[in-house]
Structure formats: C-alpha cells, structure tokens
Amino acid sequence: MTVTNPATLPAATILGYPRIGPDRELKRALEAHWKDPARHPASTVVDTLGALRERTTLRLRELGLGAEHAIPSEGFAVDHVLDTALALGAVPARFTADGYSPAAPDTPEGIGLLTALSRGTDRLEPLEMTKWFDTNYHYYVPEIGPDTPLSAHPESLVARYLDTLRRTGVRTRPVLVGPVTLLLLSRPETTDDAPVDPLGRLEDVVGLYVRILSELAAAGVQWVQLDEPALAADGWAVERTEIVAAVESAYRRLTFPADRPAALVTVGYGDAGGDALLALARTDAEALAVDLDRGDVPGAEALRAWGERPVVAGVVGGRTVWRTDLAGATDTLDRLRAAARGPVAVGTATPLLHVPHDVTQETGLDPDVRSWVAFADQKVTEVVELARGVEHGWEAITQTLETDARIRAARAAHPATHRPEVRERTAAVRGEDRVRASAVERRAAQHERLRLPLLPTTTIGSFPQTTEIRATRAAHRAGRLDDAAYTEAIRREIARTVRAQEELGLDVLVHGEPERNDMVQYFAEALDGFATTRHGWVQSYGSRCTRPSILFGDVSRPAPITVDWTGYAASLTDRPVKGMLTGPVTILAWSFVRDDAPAAEVADQVALALRDEITDLEAAGTAVVQVDEPALRELLPLREADRPAYLEWSVGSFRLATGAAATDTQIHTHLCYSEFETVLDAIEGLDADVTTLEASRSGSGIVDGLAAADFPRDVGPGVWDIHSPRVPTFEEVAGRVRHAAHAIGADRVWVNPDCGLKTRAWPETRAALDRLVAAAVTVRGELARADRDGQGNDAARAVPPGTAPAGAAATR
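Residues numbered from 1 in each chain as written. Predicted model: local features only at pLDDT ≥ 70, side-chain atom pairs only at ≥ 80, totals over all residues. Heavy atoms only, no water.

## Side note on the overall build of the chain
Link 1 in the chain: Per the secondary structure count, the chain includes 29 helices and 19 strands.
Link 2 in the chain: A compact globule built from 812 residues should have a C-alpha radius of gyration of about 28 Å, and the chain, at 27 Å, falls within 12% of that.
Link 3 in the chain: By principal-axis analysis of the C-alpha atoms, the chain measures approximately 80 × 65 × 50 Å.
Link 4 in the chain: Out of the 812 residues belonging to the chain, those deemed buried represent 62%.
Link 5 in the chain: In the chain, once contacts between residues fewer than 6 apart in sequence are set aside, the share between residues at least 24 apart is 80%. (Helix = DSSP H or I, 4+ residues; strand = E, 2+ residues; numbered from the N terminus. Rg over C-alpha atoms; globule rule 2.2 N^0.38 Å. Buried < 20%, exposed > 50% of the residue type's maximum accessible area, 1.4 Å probe, protein only. Contact = heavy atoms within 4.5 Å.)

This is the structure:
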C-alpha cells in the first residue's frame, strides 16, 4: 500500500552535495586520524562529519532549498556505496575473522571499520576500488557472496537525520544506494568459485531495506532517496530484462509497507529507459527523479503509467561546471510538464559530488571564464530559479534568462574559444598521422636500443610528494622562492629519486615528478585553452581530492613542458629514463571540458600538443615515453550503442599523440581502477609498446583476461596496490609476478606497481619496491633454471615461492 498523504515533495531539490567540505575539512580530519590516532581519535572524524552536515544544511537552506525534505542527508565518511553496504552489515569474512564486526559508520568503531575496509591493515588487503559509472569518482566494491552474513544497521542513517534536525531544525532526506544497483556493483568475497548471480541475494537485501526504512519512519523521517543509476547503464553480468524485473520486484516489496517514509527513486548518469520507468510505475514509489541532462523526457507511455505522482526533472547537470543553458532547460521542462500528469519538480541530474563547492572563491580565475561556470552552490541557485519559473511562470525569471543568454553569447564570441590556426591544424590531420611502424619492427628496434632484462622493472611515474617538496612548490607559486632556487630544489629531489631507483635496482627509471601538483593540472597550466582553480577540489576516493582544470578554449602548446626535467634525470644515470606525459583522453576526463565543441575535436587538439612534446623529448635523447591513459575505460559510454563512436575518437587521439614517435622509441601507457576486460580491443588499438595496468586490488583478474585475449604486446599488471599504505609481502609480489609470467608469457611481462607513488611515504615506497625488484630477480632466476632444465615458461607456475635473495635489489 502507498503511504497515505506523504509530505509534499519540494518543488526544488538536489540529489546530493559535495561532502568533503569547502576547505576539505573531512579530508583533513580523516588523514590526521590515520596519521596520528592518539592525537586525533576517531571521535574527531565523527565530530567533523556532524559539523559538515550542519554547515551543508544551513548553506543549502540559505541558497533557497528551504522546503522540508529538499536537502539530502548524506555526510558519508569515506564512500556512499561502502556506507550503504555497512547499513546491510556486509563485512567480508576475512575482516570478521580478524576481529572486525559490523558497526555504524558514524561512530568511532565505525570509523575504524571503514579505515580497515578502505585502506587495509598489516594483515588484510582492502576492498577493491573502481570507478563510479563513467566518472572519476572511485567507490569501494562491496563483497557480498551467497553466504555473506547480512543484517540491518540503520543506526547511522537515523543518527544523521536526528542530529541534523537537532542542529538546524531542518527535516532532511536520507540517501541509500538502491538494492539493485548495490548488488550489481558488488562482487563475491572470493574469485575462485563458479560464477555467482549478482542478484542472487536480492530477496535478503530487500528484506533488510524494509527494516531500515521502518526504523527511519519510526525516527520521523518522511522521505527517503533510493539511487538506482544502474538502470542507465548496459553491460552488467545479467540481462537487462532480468535487471528491470528485479527492480520491479524489489520496489513492489519495498514500497508495500505503510510504516515507511515516502520513496524518491532516482536514476541519474543517463537515460533510465522506458522499460525501467514502466517497471517502477508498477510499484508504489511516491516520486521519481530522472536525468534530463544526459537523458531525454520520458515517453508518453511511461508518464501515463506513472500517473499523478511527482517527477523530479534533472535539468541541471551535476557533472560539469558549465552554466546550465537555462533557455534549453525551460524548453525541456515545458515538454515534461505538457506530458506529465502529476507535478514536476526541478532538480539536479546527479548528485553534485563531482563539482567543487563555490565559484565565488575563485578570485584568481579569469573573470570571463568565471562568468561561464557554475559550481555546486551556483547549480543550487539555478535549480531554485528554474523551480520559481515553473511555479510562477517564466516571466518571473525573465532577468535571469536574459543574463544567462548574454553570458552564453559572450562566451561564444570570445577569441580563445575559436582559434583558426588550431582548428586548421586539427582539420588537416590524416589517417597516416595515427599510424606507427609495425609492432614487430618496433619491438626489434627497441630491444636493440634498450637491452632490458626479462621481466623488466619500472614504476608508473610519480614518487612520494614530501611535505618539503610541496612547500617548495607553494613558495615558488607565492613568489617567496625565485626561479633559480626553485629549479635547484627540484633538481635535488630528482637526483634523490634517481639515486634511490638505482640503489633499488629498477631497470627503467623516472624522474619522479616533484614539479607536478597533479598529472592533469600540470599540463593544463602549460597549455593554452585551460584555466586552473585554487579551491576547485572534488573527491576522487576516500580522503583523496583532485582539482580538475577547466578546458574552455582551443588547445595548443606554446613551449616544451617536460623536456628539461626528463633530460636532467637522464644525465644522472646510464639507465633509460621515461618521459612522462598524460594522455589526451585522461586530460579530457579529468578536466571540466568545454561543452561547445565536439569531444573528438578537442581530444585531437590535445593530442597534437602532446605529439609536439614527444618529438621534443626524442630530440633530447629520450628512448622511452609513457603516455598515461587511466581514464580510457572511465569515459566509456554507459549505453553500448554509444561506445563504438567513443572508442574510435579516444583511441584515435592517443594514436595521433604517439603516431610520430620513432620506431626505436618505446611508447608506454598506463591504465588503472576500472574493468578493463571490457575494452581490451581498444587497449590493443592504442598500439602502445607496453601497457601497465592496475591488477593487485582486483585480484589480478585482468591478467587472465589478457591471457584469454592473447594480448599481443608487452604488459605490466601491477603487483603492488599503492592506494593502501600496506607494504605487500615478498611472497605476494612474487606470486603475482609468477602468475603473470605463466599466463601471459614472461617475455611480455613488466613488473611494476599499480599506479604512481605520490601519495605514499618514502619508507613504505623503498620497502615495497625492494620486494618488487627482488621478486622480479627471483622469478628471472627461476625461469633461467627452468630453461636450462628444458621446462620453458611453464616453470613460472611450478617453482616454489622461496624467499627474497640477499642483495636482490642490487642484482639486475
């Protein structure tokens, strides 16, 4: 049965708000606790969460979300997916066996559990981490198998709601990842068993949701938000028809009891599809939120079936910083209002966790660019204004619409947004510009030039960014350190990093990137067409934040960017030093990219700038160049029908960047934290000579995928998960090296960490890399002995683990 006369859904709402705090308060609290729990106990994190919820609620009310239930009740300490999993008591058996038990996340005990699950312990590896749909946000993958014990734990949800009500007097709207999406995003606790139906625990999970909703209702909650973005995506392990049927079954049961809050079901990140909306219409859910930024107005059949229930129109994009095209939004709202039988509210298409807090803080941003963008607070204002227009007629917001039109016209006429010389060069690109010599020719030429051993070792690029080096960059930016002193300080750090790599015995070195604040921002600051911010932080994962650049105009490279630093590192050693570049797709993915030009054209502009950089690196003697593309899988469209076009331009832009490289220049690329098995053809299409990938946290599944696909080029499946402070044992690393050597072929395997090391400290870096090199040396020896015995590569699997040889790091 439907809840009788639930509280009215507000006319203006959002689906979520940045949760790190305007000054990254949550990040600072978490990292202080992790660094020194004696001085900063877990209770300080809990206090910070409460203060941030209060601040967020009061700020959103000030911005115009004054109606009850308009504001989501979030305040997740680490991750919303992990938070929902813990509300179901989903703690993997290896953690419960080590003394951890389900605990409310917003308690000191819960913070300890969250820390263990997300960062691991001395004995336990953390949960896998991967991308949230097609965004740069990473979620922690819940482990829910057929036998995982589950139990309802609504304590944190209730406590957040009541604490915020006590502090502010505002009735908020608790948020949970919906049951179908949660299970589709989960994985079984072990990967050794036969394939497991991801929806096999749906009945159990829905029963727990029913209990949680009942507890929320008993606490006075009147609306709850259940997010089901999985409905906007294809490619799950089960068929679409089964997913839609699961949604209908789950929500029929969820919305039947009377003792529950009214349910707002959201489908963000793309078009929900008419089949899903019809299924939801056959349940007693009280309201529906749809993405009208990337999706379209629901069809007439779905809206008829939905009847007189309210629809939240997500016309304000939650993933980009560009101002909403208000005229276009009014047209969309008019079309929806004409077709819908019930009330239409205005909202964001997704939560606003993907954008920074407030653009008014960016006083150093070019005034023209600043006028074109809207951060979270400005997007809330757009929602409120559009809702006012819906309620009182568009004439009530005439001034707002006219101002927006003037700003949009000024942006279109700005000289930086259309530079003829850049457009002409891009238009002149030919097919042969994206093609190198054959892989066979390149492999032979590079072997002759580099003379690397079997199972060569390297790192992904960055080395620890110490407090001192960060202070050096800050002093230089502030003018307290002149160019000469800054250059000398960076050179000292590069020399230290090169010396450490030589001592460890690595085969291909890097300069360590001490001059770089971020792998995209560093290039954005050197390229025309970009703007950077000072306070534009967004959450990437856990406590980690990134500051996306704003790609607003046509892109070109006025001068070489990396050549001097790479050349200096190479002058200190006789070993190869990689030139380190960020690829065109990743620069787009981790920036806020202009919405007034085709993505393919923008990517080629960036690629041509990188092509020039590679040419200059080669002229300076660089034999190995890494062009990182960790975001290749991230931008893959959620709908399969849209993927071929994306893969064509994304792969093409990488090949344009690298297409002029000489035959004996070894091109590397790096990809991390996504399900790359789904795009192996595209990875092969990049035509890189060496591809390094994340593999340790995901159970080395990519290794088997590469082997099954008979991937034809060299690969480096990461053997050390650098996103955890835990140092892997020698046996773990050696086992991963053996597995890769056996599955793929030792002559095609590189040994490297999962990702760059900037977030790690020097002691753990040295310890882990020592074990990494020792493992490579050990397996090389095992393979050499096996070859002498006539066993060949099969011996990589058969040799016992052994122990690290003395002085392995000094043995090449």
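Having seen it, we continue.
## Notes on the sheet that holds strand 15 (residues 591–593)
Hydrogen bonds between backbone groups are what pair the strands of a sheet, and the pairing can be parallel or antiparallel.
Link 1 in the chain: The mixed open sheet is built from three strands, whose spatial order is 10-13-15. Only two strands of the sheet have a single partner each, and these edge strands are strand 10 (528–531) and strand 15. This sheet shows a mean twist of 35 degrees between the axes of neighbouring strands, independent of strand direction.
Link 2 in the chain: Summarising the sheet, strand 10 and strand 13 (residues 549–556) pair through three bridges and their orientation is antiparallel. (Pairing = 2+ DSSP bridges. Axes fitted to C-alpha atoms, helices over the stretch in contact; angles between N-to-C directions.)

## Let's talk about the domain arrangement of the chain
Link 1 in the chain: Domain parsing of the chain yields domain 1 (12–413) and domain 2 (440–466 + 504–785).
Link 2 in the chain: Computed from C-alpha atoms alone, the centre-to-centre distance between domain 1 and domain 2 is 32 Å.
Link 3 in the chain: Each partner contributes to the interface: domain 1 provides 56 residues, whereas domain 2 provides 46 residues.
Link 4 in the chain: Counting each side, the surface lost to burial between domain 1 and domain 2 is near 4,300 Å², with a carbon and sulfur contribution of 52%.
Link 5 in the chain: The largest share of the area that domain 1 buries against domain 2 comes from Met 129, Asp 234 and Trp 322, three residues that together contribute 14% of it. (Domains from an automatic or database assignment. Buried area = accessible area lost by both parts, 1.4 Å probe.)

## Quick word on the side chain of Ser 540
Link 1 in the chain: Tracing the sequence through the fold places Ser 540 in strand 11 (residues 538–541).
Link 2 in the chain: Filtering out sequence-adjacent residues up to four positions away, Ser 540 remains in contact with Asn 136, Tyr 137, His 138, Cys 545 and Thr 546.

## Comments concerning the packing of aromatic side chains
Link 1 in the chain: All told, the structure shown has 10 aromatic pairs when counted by the stated rule.
Link 2 in the chain: Where Phe 133 meets Tyr 269, the ring centres are 5.8 Å apart and the plane angle is 15 degrees; that geometry is what we call stacked. Here the residue Phe 133 occupies a position in the loop between strand 2 (129–131) and strand 3 (138–140), and Tyr 269 occupies one in the loop between strand 6 (262–267) and helix 10 (274–281), the gap between them amounting to 136 residues. Of the two residues examined, Phe 133 and Tyr 269, each falls in the buried class.
Link 3 in the chain: Three or more aromatic residues joined by ring pairs form one cluster here, namely Trp 132, Phe 133, Tyr 139, Trp 236 and Tyr 269.
Link 4 in the chain: The ring centre of Trp 537 lies 3.9 Å from the NZ or CZ of Arg 24, which sits over that ring.
Link 5 in the chain: Over the face of the ring belonging to Trp 322 we find Arg 411, whose NZ or CZ atom lies 4.0 Å from the ring centre. (Phe/Tyr/Trp six-rings, centres within 6.5 Å; stacked < 30°, edge-to-face > 60°. Lys NZ or Arg CZ within 6 Å of the ring centre and 35° of its normal.)

## A short note on the pairing of strand 14 (residues 578–582)
Link 1 in the chain: Within strand 14, five of the five residues are buried, leaving the element largely enclosed by the surrounding structure.
Link 2 in the chain: Pairing analysis gives five bridges linking strand 14 to strand 16 (residues 624–628), with the strands arranged parallel. Opposite Thr 582, over in strand 16, you have Asp 628 as the bridge partner.

## Focus: unusual backbone geometry
What you tend to see is this: most non-glycine residues have negative phi, and most peptide bonds are trans.
Link 1 in the chain: The backbone of Arg 24 sits at a positive phi, close to 55 degrees, despite the residue not being glycine.
Link 2 in the chain: Along the polypeptide, Arg 24 turns up in the segment before helix 1 (25–35).
Link 3 in the chain: With relative accessibility at 16%, the residue Arg 24 sits in the buried group.
Link 4 in the chain: In this structure, Leu 455 is a non-glycine residue whose phi angle is positive, near 55 degrees.

## Examining the UniProt feature "binding site: Zn(2+)" (unreviewed entry) in the chain
Link 1 in the chain: According to UniProt, the feature "binding site: Zn(2+)" (unreviewed entry) maps to His 670, Cys 672, Glu 694 and Cys 755 in the numbering used here. In terms of the greatest pairwise C-alpha distance, the residues named above, spread along 86 residues, form a tight cluster of at most 8.5 Å across.
Link 2 in the chain: Within the element layout of this structure, Cys 672 appears in the loop between strand 17 (666–671) and helix 25 (680–685).
Link 3 in the chain: Of the residues examined, Cys 672 reaches a relative accessible area of 6% and is grouped as buried.
Link 4 in the chain: Beyond its immediate stretch of four places on either side in the chain, Cys 672 contacts Lys 131, Pro 630, Glu 694, Asp 754 and Cys 755.
Link 5 in the chain: With respect to the helices and strands, Cys 755 occurs in the loop between helix 27 (730–745) and helix 28 (762–788).
Link 6 in the chain: Overall, Cys 755 belongs to the buried group, its relative accessible area being 16%. (UniProt positions renumbered as here; feature names shortened; annotations may be inferred.)

## Some points on the UniProt feature "binding site: 5-methyltetrahydropteroyltri-L-glutamate" (unreviewed entry) in the chain
Link 1 in the chain: Residues annotated in UniProt with the feature "binding site: 5-methyltetrahydropteroyltri-L-glutamate" (unreviewed entry) correspond here to Lys 27, Asn 136, Arg 544, Cys 545 and Trp 590.
Link 2 in the chain: Mapping Lys 27 onto the fold places it in helix 1.
Link 3 in the chain: What Lys 27 contacts, discounting residues up to four positions off in sequence, is Ile 20, Ser 543, Arg 544 and Cys 545.
Link 4 in the chain: Along the chain, the position of Cys 545 falls in strand 12 (residues 544–546).
Link 5 in the chain: Excluding anything up to four places from it in sequence, Cys 545 contacts Ile 20, Arg 24, Lys 27, Trp 537, Val 538, Gln 539 and Ser 540.

## Quick look at the pattern of salt bridges
Link 1 in the chain: In the structure shown here, the tally under the stated rule is 62 salt bridges.
Link 2 in the chain: Measuring nitrogen to oxygen at the nearest pair gives 2.8 Å for the salt bridge that ties Arg 167 to Glu 54. Of the two residues, Arg 167 sits in helix 6 (residues 155–168) while Glu 54 sits in helix 2 (residues 42–62), which places them 113 residues apart along the sequence.
Link 3 in the chain: Across the pair Arg 713 and Asp 687 runs a salt bridge, and its minimum N-O distance is 2.9 Å. Here the residue Arg 713 occupies a position in the loop between helix 26 (701–708) and strand 19 (714–717), and Asp 687 occupies one in the loop between helix 25 and strand 18 (690–693), the gap between them amounting to 26 residues.
Link 4 in the chain: Members of the salt-bridge network, linked through shared partners, are Arg 411, Arg 423, Asp 554, Arg 594, Asp 595, Asp 596 and Glu 601. (Salt bridge = Lys/Arg side-chain N within 4 Å of Asp/Glu carboxyl O.)

## Regarding the nonpolar core
Link 1 in the chain: With 110 residues, the main nonpolar core has Leu 65, Val 180, Val 315, Leu 333, Leu 336, Leu 386 and Ile 550 as its most contacted residues.
Link 2 in the chain: When residues of this core are assigned to their parent elements, the largest contribution, eight residues, is made by helix 8 (residues 202–218).
Link 3 in the chain: Lining this core are residues from two domains, each supplying at least three of them: domain 1 (12–413) and domain 2 (440–466 + 504–785).
Link 4 in the chain: Sequence-distant contacts of Leu 336, defined by excluding residues within four places in its chain, comprise Leu 292, Val 297, Pro 298, Leu 303, Val 311, Ala 313 and Val 344.
Link 5 in the chain: Among the nonpolar cores identified, the runner-up in size contains 98 residues, and Ile 494, Leu 527, Tyr 568 and Ala 682 belong to it. (Core = buried A, V, L, I, M, F, W, Y, C linked by side-chain atoms within 4.5 Å.)

## Focus: helix 24 (residues 643–658)
Helical periodicity: at 3.6 residues per turn, an α-helix aligns residues three or four positions apart in one direction.
Link 1 in the chain: In a regular helix each residue adds 1.5 Å, so 16 residues correspond to 22 Å; helix 24 covers 23 Å between its end C-alpha atoms and thus fits that length.
Link 2 in the chain: Within the span of helix 24, buried status applies to Arg 643, Tyr 646, Trp 649, Ser 650, Val 651, Gly 652, Ser 653, Phe 654, Leu 656, Ala 657 and Thr 658.
Link 3 in the chain: On its buried side, helix 24 packs onto helix 22 (584–589), helix 23 (599–619), strand 16, strand 17 and helix 25. (Expected span 1.5 Å × (residues − 1).)

## Observations regarding the environment of Ala 660
Link 1 in the chain: Assignment of secondary structure puts Ala 660 in the loop between helix 24 and strand 17.
Link 2 in the chain: Taking the C-alpha atoms as reference points, Ala 660 and Ala 471, separated by 189 residues in sequence, lie 38 Å from one another.
Link 3 in the chain: Not counting the four nearest positions on each side in its chain, Ala 660 is found in contact with Arg 611 and Glu 618.

## Comments concerning the side chain of Thr 330
Link 1 in the chain: Assignment of secondary structure puts Thr 330 in helix 12 (residues 326–339).
Link 2 in the chain: If we skip the residues at most four places from it in the chain, Thr 330 touches Leu 386, Trp 394 and Leu 401.

## Focus on the sheet that holds strand 19
Link 1 in the chain: The parallel open sheet is built from five strands, whose spatial order is 14-16-17-18-19. Two strands close off the open sheet at either side, each with one partner strand: strand 14 and strand 19. Neighbour to neighbour, the strand axes of the sheet diverge by 20 degrees on average, direction disregarded.
Link 2 in the chain: One ladder, built from four bridges, connects strand 18 with strand 19; its direction is parallel.

## Quick word on the environment of Glu 155
Link 1 in the chain: Its place among the elements puts Glu 155 in helix 6.
Link 2 in the chain: A residue is classified by how much of its surface remains accessible, and Glu 155, at 41% relative accessible area, is partly exposed.
Link 3 in the chain: In this structure the C-alpha to C-alpha distance between Glu 155 and Val 390, which are 235 residues apart in sequence, comes to 38 Å.

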